[in-house]
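The lines below spell out each chain.
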Amino acid sequence: MTEARKNGPVPSRKRLLTGLRPTGRYHLGNYVGTFEKDLELQNSGQYECFFLVADYHALTTGYETAREIGDDIREGVLDFLAVGIDPTRSTLYLQSLIPEVSELFLLFTMLVAKNRAERIPTLKEQVRDLKLESASLGLLNYPVLQAADILMVRGEVVPVGKDQLSHIELTREVARRFNTLYAPVFPESEGLVGRFPKLPGTDGSPKMSKSMGNTILLSDDPETVRKKVMSMYTDPTRLRATDPGHVRGNPVFTYHDAFNDNHEEVAELKARYTKGRVGDVEVKQKLVAALNRFLDPIRERRAELERRPGYLEEVLADGSRTARLEARETLRLVRDAMGLNYFPAARARVESAV
Ligand code: TRP
């Protein structure tokens, strides 16, 4: 007999959804920014988790290099599984395998004014960073597609990076608009930000990012991690090991805080550092050891998964099948709510023919 039968009905679990933009191998910033939260919530058992690989979102800025997206997905999903996302507990799926997402997106574009989409801060940042003359319609619609991802599974909780909160706000607006205009189909989703919304890069710049070349990858081998850490930026005001150093704003200590499981060691290093009683080399060596302790099991799992050739595709196929059932149901509710259920016999015939 299941637990549910013995103890009465299980309170229904909240729906969680988040998306991964496939950018190839992921780094420590991705981990503390969102993966860690995803894992924690998955493992709490309190959420029904959906994780999607947002390959269409990757196209909005990477359309010229579309051919690389497949490899980026493979590398990224291996990392995501290696950190402990478990396809037997969570649904991991590929956005482009769910055509209903594109359909829902199209319907949502009617509910968002062009001016509203243009006011999203990430859009301005992208246009500036990528030196675009003007955003494509695809890029302008990026957050509307994200709203379709979230609302397709009627996601209530959405772990995201801090920069994504404006997209969640738009998602709520779309849901409210739809529910008021037609019928209450959608929840108002809530964004959840991770412990370290912005992990600095190894070069001391505020954000770890691939394009800046300042990352430590989850799949970097121990020697690479050592080299990267030993050449990290620290406290520029400190010239000698006997000078009192600054812990705040010092990325080496930020990483200690984020990854060193030996909290006593971290506290002790900080105390000595501010008094000028420890050199950067020792602080870094301890960080190398801590990072390798943290990364070892991830590397091991990744290597295991790499030895199982068909596995990744199987996971995505199973997850996408589950997500697609959910998507069909949502789209049916949407069509009914909007009154787009005309010519049902024709629709049924076309659907059964393909
Ligand atoms: N835009 C997100 C990012 O850049 C990725 C993403 C796509 C996403 N669809 C989503 C995040 C749905 C949360 C929910 O990181």
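So, a few notes on the structure that sits alongside this text. Every value quoted in this text rests on a predicted model; they were computed, and no experiment measured them.

**Points about the nonpolar core**
Then step 1. The biggest cluster of nonpolar side chains holds 55 residues, and the ones touching the most others in it are Leu28, Tyr31, Leu92, Leu199, Leu218 and Phe259.
Then step 2. Of the residues forming this core, the biggest block, 8 residues, is contributed by helix H14 (residues 280–306).
Then step 3. If you look at the next biggest cluster of nonpolar residues, it comprises 38 residues, including Leu107, Ala148, Leu170 and Val185.

**Focus: the site of the ligand**
Then step 1. Taken together, 13 residues lie around the ligand, and Gly19, Tyr142, Gln146, Asp149 and Gln164 are the ones closest in.
Then step 2. Out of a free accessible area of 370 Å², the ligand has 89% covered by protein chains.
Then step 3. Listing elements by their share of the shell around the ligand, those giving two or more residues are strand E1 (14–20), helix H9 (142–152) and strand E4 (157–160).
Then step 4. Top element by residues in the shell around the ligand is H9. It accounts for 4 residues.
Then step 5. In terms of residue class, the shell around the ligand is made up of 6 nonpolar, 5 polar and 2 charged.

**Quick notes on the packing of aromatic side chains**
Then step 1. Under the criterion given, the structure shown has 11 aromatic pairs.
Then step 2. On the basis of an interplanar angle of 75 degrees and a centroid distance of 5.7 Å, the ring pair of Phe108 and Phe186 is categorised as edge-to-face. Placement of Phe108 in helix H5 (residues 99–109) and of Phe186 in the loop between helix H10 (165–181) and strand E5 (190–193) is noted, with a sequence separation of 78 residues between them. You'll find Phe108 and Phe186 in the same group, each marked buried.

**Points about the side chain of Arg299**
Then step 1. With respect to the helices, strands and loops of the structure, Arg299 is situated in helix H14.
Then step 2. At 2.9 Å, the side chain of Arg299 and the side chain of Asp296 are in polar contact.
Then step 3. For Arg299, the residues in contact, after removing those within four places along its chain, are Leu218, Asp220, Asp221, Pro222, Val225 and Asn292.

**Description of unusual backbone geometry**
Then step 1. In this model, Lys131 sits at a positive phi of 50 degrees, which is unusual for a non-glycine residue.
Then step 2. With respect to the helices, strands and loops of the structure, Lys131 is situated in the loop between helix H7 (121–129) and helix H8 (137–140).
Then step 3. For Lys131, a relative accessible area of 73% translates into the label exposed.
Then step 4. Despite not being glycine, Arg154 shows a phi value in the positive range, around 50 degrees.
Then step 5. Looking at where Arg154 falls in the secondary structure, it is placed in the loop between H9 and E4.

**Section: the pairing of strand E2 (residues 47–53)**
Then step 1. For E2, the buried fraction is high: 6 of the 7 residues fall into the buried class.
Then step 2. As defined by bridge partners, E1 adjoins E2 across 7 bridges and the pair is classed as parallel. By the bridge assignment, Leu17 is partnered in E2 with Phe50.
Then step 3. Handedness of the crossover joining E1 and E2 through helix H2 (residues 28–44): right-handed.

**Some points on helix H15 (residues 311–338)**
Working note: α-helix, 3.6 residues per turn, so residues spaced by three or four point in the same direction.
Then step 1. In this model, H15 (28 residues) spans 40 Å end to end at C-alpha, consistent with the 40 Å of a helix rising 1.5 Å per residue.
Then step 2. Looking one or two residues past H15, Gly339 carries a phi angle of roughly 80 degrees, positive in sign.

**Side note on the pattern of salt bridges**
Then step 1. The full count for this structure, using the stated rule, is 30 salt bridges.
Then step 2. The salt bridge involving Arg347 is made with Glu351; its shortest N-O contact spans 3.7 Å. In this pair, Arg347 and Glu351 both sit in helix H16 (residues 344–353), 4 residues apart, roughly one turn of the helix.
Then step 3. Overlapping salt bridges, with partners in common, bring together Arg25, Glu75, Asp79, Arg302 and Glu306 in one network.

**Concerning a nonpolar patch on the surface**
Then step 1. A cluster of nonpolar residues, Tyr56, Leu59 and Tyr63, forms a patch on the protein surface that exposes about 280 Å² of accessible area.
Then step 2. With respect to the helices, strands and loops of the structure, Leu59 is situated in helix H3 (residues 55–62).

Analysis parameters
- Residues numbered from 1 in each chain as written.
- Predicted model: local features only at pLDDT ≥ 70, side-chain atom pairs only at ≥ 80, totals over all residues.
- Heavy atoms only, no water.
- Core = buried A, V, L, I, M, F, W, Y, C linked by side-chain atoms within 4.5 Å.
- Buried < 20%, exposed > 50% of the residue type's maximum accessible area, 1.4 Å probe, protein only.
- Helix = DSSP H or I, 4+ residues; strand = E, 2+ residues; numbered from the N terminus.
- Near = heavy atom within 4 Å.
- Areas by Shrake-Rupley, 256 points an atom, 1.4 Å probe, with all protein chains shown as cover.
- Nonpolar A, V, L, I, M, F, W, Y, C, P; charged D, E, K, R; others polar.
- Phe/Tyr/Trp six-rings, centres within 6.5 Å; stacked < 30°, edge-to-face > 60°.
- Polar contact = N/O pair within 3.5 Å; in protein donor to acceptor, adjacent residues only side chain to side chain.
- Contact = heavy atoms within 4.5 Å.
- Pairing = 2+ DSSP bridges.
- Right-handed = clockwise from strand over helix to strand, strands pointing away.
- Expected span 1.5 Å × (residues − 1).
- Salt bridge = Lys/Arg side-chain N within 4 Å of Asp/Glu carboxyl O.
- Patch = residues over 30% accessible without salt bridge, like charges linked within 9 Å, V, L, I, M, F, W, Y side chains within 5 Å.

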